[in-house]
Amino acid sequence: MKDSLKDLNITDLASVAENDNLVIMCINKQRHSSSPSSTEENESDRFNKRRVKLIAQDFPRKSGEILSGQYGINLLLFGGALMLGVWYHGPSVKEWHLQSFIVTLMIIQLLWMLWYVVRKDRQKNSLPEKDSHAGTRWLRGGLTILALLSLIMDAFRIAVYVGYKECLSPTLVVYPVLHVLHTVSQVYFLWFHIKDVIKTFQTFERFGVIHAVFTNLLLWCYGAMSESRHFLEAHEKRLAALGFINYTGGHDKLHCECTISACSMFSNSLYYLFPFNIEYHIFVSAMLFVMWKNIGRTIEPLHKRVRHRPKFTGLVLGPVLGLVALAASITVLVIYLIQVEESLETHRAAISMFYWHGITMLACMCTAGIIGLVLYRIDNRPLDASKNPSRKLDTELLFGSSLGTWLMSWCSIIAAVAAHNNPRYRWIILAYSLLLILEKYVQNLFIIESLYRQREAIEEAEDEDEEEEAPSGIFSVSSQVPPRSGIVNKGFVNQENVYNSLDRNQMKNGTMVHSIQDQEHHQVPALHVIQSRVGTQDRTRLILRNIAIFLFLCNCSLWLLPAFGCRPQYDNGMEQEIFGFTIWTMVLNFAMPLNLFYRMHCVASLFEVFQHA
């Protein structure tokens, strides 16, 4: 009976998945004790069991990511469908329907954040894992400033709604009040919990974090839609003033009098604060997405190294040129907003001025980026291939947000080549669009290569040099008179006697003296090589810092112009002639918010490049 059992297949219990208590059965091959390949079969069976166990442990995480991701995408699509209905101005879907949906999402996010914070406070004894790359302090500080400006916008919105309370839905008043509470709570959450790596209640927390991500994305889309509607109405007013169309008033025109004297000031100021609110929500969604990717992740141990603060000595050319570009952009913005409302000739002159200014800035930015890339090629430092969700997201956002500008630029190129009329800014638009595409290529490559370059090698070398120059502790290696053992006891009082005895022994042994002299002779050129290498690295770092601060200020300038109303793509008429008013408006409504986000994201990335250059 026992002999017959040897030839039977034996079923082994391979592994039990700890997360979902899944029992996975593995069937082993037929055992032959007399076969010489039995050991190889056993090793392959153990390898297969180990691989099945790893797949079983990773399956709940992957399924949670897929389910929560689909949930968030459907939230965004449903909100987008409501926005399309509101944009159409039909009789069925009103703006208060959209705001009611967004208010519900904000309430759910507030409840989740409250539950998370209370649960973390009860677990004060346990030390949670932290992702040091997620949500740096300067980024959270910048988001706090944007949040304060968003709160001012909400205060103005509440004042407008109070003035028009006789002809507005109460939901429109609830929305800004709840948005204030949502903004304050979210800033607190970002400051104290954005670095957390969640290891408990992972499936539930994935749904909570992804709900917060897509709630902020919907708030960003809603702000971008409101801003686009405002600029479209301003464009229609300008066309009516120039005699091209008849404009009777906006679709959202209210039919009651405002009870507040400063009502017009509040309503006009709202559109100057919209860009800050839009940037706030898109940056928050990006930071929360990194937190979602960190759920269940095992953080790699960080190497201990000294972080060197960026030195501001030698930063002259980059800040000066950047401030000149910023001042010129503010001047162009003011002149454009004044002249674009006047006669047709002045209108076209303002458009030409904008494109000439853009061509000059983009050419300088391309040149600076190419110089930075050449310096990186000369340095030839290896790239950092370690896993970093925050850095990976930065790369994806740079490419993703470039799509809007590239689409708009290619449409402008086609319009400049195929247009029937020949305004004086026709070929200027062509050159501007080509440079805009090239500038995105060069700047994306410069930022990504800067973020992926290894910084540990230089810092560890500097740390080793500091340790050799200033030895610490009682026992250290002496560089003045190397003894036979290579160790000098600094705690020993009579070290002079030791040195004298060593000198006598060295005089007796001539070979040891010659070896010491040869070592000192070879150390002199080595010091010169190290000093020249350090000097070259310092000059390279200085040039890179100047390039980073120059591109930083240029991106601020290029964000400032479209954010505050300088959008000649609405006013030049060339693209509208080729693609039609409806299609070109759709392209601009898609491209402009992405372009604004791209510039602000480049500002944040270039500040990090400046810190680590």
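This one's a predicted model, so the numbers in the text were calculated from it and none came from an experiment.

A.B. asks: Which residues make up the overall build of the protein chain, and what values go with them?
C.D. replies: When you go through the protein chain residue by residue, the secondary structure sums to 16 helices and 4 strands. Burial statistics for the protein chain: of 613 residues in total, 44% are counted as buried. Surface exposure of the protein chain reaches about 33400 Å², of which carbon and sulfur atoms provide 63%.

A.B. asks: Could you give an account of the confidence of the model for the protein chain, with specific residues and numbers?
C.D. replies: Mean pLDDT over the protein chain stands at 77; residues scoring 70 or higher make up 71%. Across the protein chain, element-level confidence peaks in helix 8 (residues 317-339) with a mean pLDDT of 93 and bottoms out in strand 3 (residues 475-476) with 34. With pLDDT under 50 throughout, residues 1-36 is counted as low confidence; its partners more than four residues away or in other chains account for 38 contacts. Note on residues 456-513: pLDDT is under 50 here. Beyond four places in sequence and across chains, it has 49 contacts.

A.B. asks: Explain the packing of aromatic side chains to me, using residue names and the numbers behind them.
C.D. replies: Per the stated rule, a full pass over the model turns up 26 aromatic pairs. Relative to Phe 201, the ring of Trp 115 has its centre 5.8 Å away and its plane inclined at 85 degrees; by these criteria the two rings are edge-to-face. Linking Trp 115 in helix 3 (residues 95-122) with Phe 201 in the loop between helix 5 (171-193) and helix 6 (202-241), this pair joins segments that are 86 residues apart in sequence. Under the relative-accessibility criterion, Trp 115 is labelled partly exposed at 33%. Under the relative-accessibility criterion, Phe 201 is labelled exposed at 52%. Taken together, a centroid distance of 6.0 Å and an interplanar angle of 55 degrees make the contact between Phe 354 and Tyr 432 tilted. Taken together, the positions of Phe 354 in helix 9 (residues 344-379) and Tyr 432 in helix 11 (residues 426-452) put the pair 78 residues apart, joining distant regions of the chain. Owing to a relative accessible area of 6%, Phe 354 belongs among the buried residues under this scheme. An aromatic cluster of three or more residues is present, and its members are Tyr 272, Phe 276, Trp 559 and Phe 564.

A.B. asks: If you had to explain the pattern of salt bridges to someone new, which residues and values would you point to?
C.D. replies: Evaluated as defined, the whole model comprises 6 salt bridges. Notably, a salt bridge pairs Glu 205 with Arg 119, separated by 2.7 Å at the nearest N-O pair. Separated by 86 residues along the polypeptide, Glu 205 in helix 6 and Arg 119 in helix 3 bring together distant segments of the chain. By the burial criterion, Glu 205 is buried, and Arg 119 matches it. For the salt bridge of Glu 227 with Arg 567, the shortest nitrogen-to-oxygen distance reads 3.4 Å.

A.B. asks: Go over empty space enclosed by the protein, please, and point to the residues and values.
C.D. replies: Inspection of the entire model under this criterion finds 5 cavities of 30 Å³ or more. When its volume is computed, the largest cavity comes out at roughly 130 Å³. Sorting the residues of the lining of the largest cavity by element identifies helix 10 (389-418), helix 11, helix 14 (510-563) and helix 16 (581-612) as the ones contributing at least two each.

A.B. asks: Can you explain the packing of helix 4 (residues 137-163) against helix 7 (residues 263-293)? Please cite residues and give values.
C.D. replies: Here helix 4 crosses helix 7 at 145 degrees, and the two axes come no closer than 7 Å. Our pair here, helix 4 against helix 7, has a crossing hand that is left-handed. Split by residue class, the contact of helix 4 with helix 7 holds 20 nonpolar, 4 polar and 3 charged.

A.B. asks: Break down the side chain of Thr 405 for me, citing the residues and quoting the values.
C.D. replies: With respect to the element layout, Thr 405 can be found in helix 10. With a relative accessible area of 0%, Thr 405 lands in the buried category. At 3.1 Å, the side chain of Thr 405 and the side chain of Asn 595 are in polar contact. If we ignore the near neighbours within four places in the chain, the residues touching Thr 405 are Leu 436, Lys 440 and Asn 595.

A.B. asks: Describe the packing of helix 5 against helix 7, with residues and values.
C.D. replies: Orientation of helix 5 relative to helix 7, taken along the N-to-C sense of each, is 40 degrees, at an axis distance of 12 Å. As summarised for this structure, helix 5 and helix 7 are arranged oblique, according to the angle between their axes. For the pair helix 5 and helix 7, the crossing hand works out as left-handed. Together, His 179, Thr 183, Gln 186, Val 187, Phe 189, Leu 190 and His 193 of helix 5 and Asn 277, Tyr 280, His 281, Val 284, Met 287, Leu 288 and Met 291 of helix 7 make up the contact between the two elements. Split by residue class, the contact of helix 5 with helix 7 holds 8 nonpolar, 6 polar and no charged.

Rules used throughout
- Residues numbered from 1 in each chain as written.
- Predicted model: local features only at pLDDT ≥ 70, side-chain atom pairs only at ≥ 80, totals over all residues.
- Heavy atoms only, no water.
- Helix = DSSP H or I, 4+ residues; strand = E, 2+ residues; numbered from the N terminus.
- Buried < 20%, exposed > 50% of the residue type's maximum accessible area, 1.4 Å probe, protein only.
- Areas by Shrake-Rupley, 256 points an atom, 1.4 Å probe, with all protein chains shown as cover.
- pLDDT = per-residue confidence, 0-100.
- Contact = heavy atoms within 4.5 Å.
- Phe/Tyr/Trp six-rings, centres within 6.5 Å; stacked < 30°, edge-to-face > 60°.
- Salt bridge = Lys/Arg side-chain N within 4 Å of Asp/Glu carboxyl O.
- 1 Å grid on protein atoms, 1.4 Å probe; cavity = no way out; pocket = protein on both sides within 12 Å on 5 of 7 lines; lining within 4 Å.
- Points joined across faces, edges and corners; volume = space filled by probe spheres on them.
- Axes fitted to C-alpha atoms, helices over the stretch in contact; angles between N-to-C directions.
- Left-handed = near helix turned anticlockwise from the far one by under 90°.
- Nonpolar A, V, L, I, M, F, W, Y, C, P; charged D, E, K, R; others polar.
- Polar contact = N/O pair within 3.5 Å; in protein donor to acceptor, adjacent residues only side chain to side chain.
- Parallel < 35°, antiparallel > 145°, perpendicular 65-115°, else oblique.

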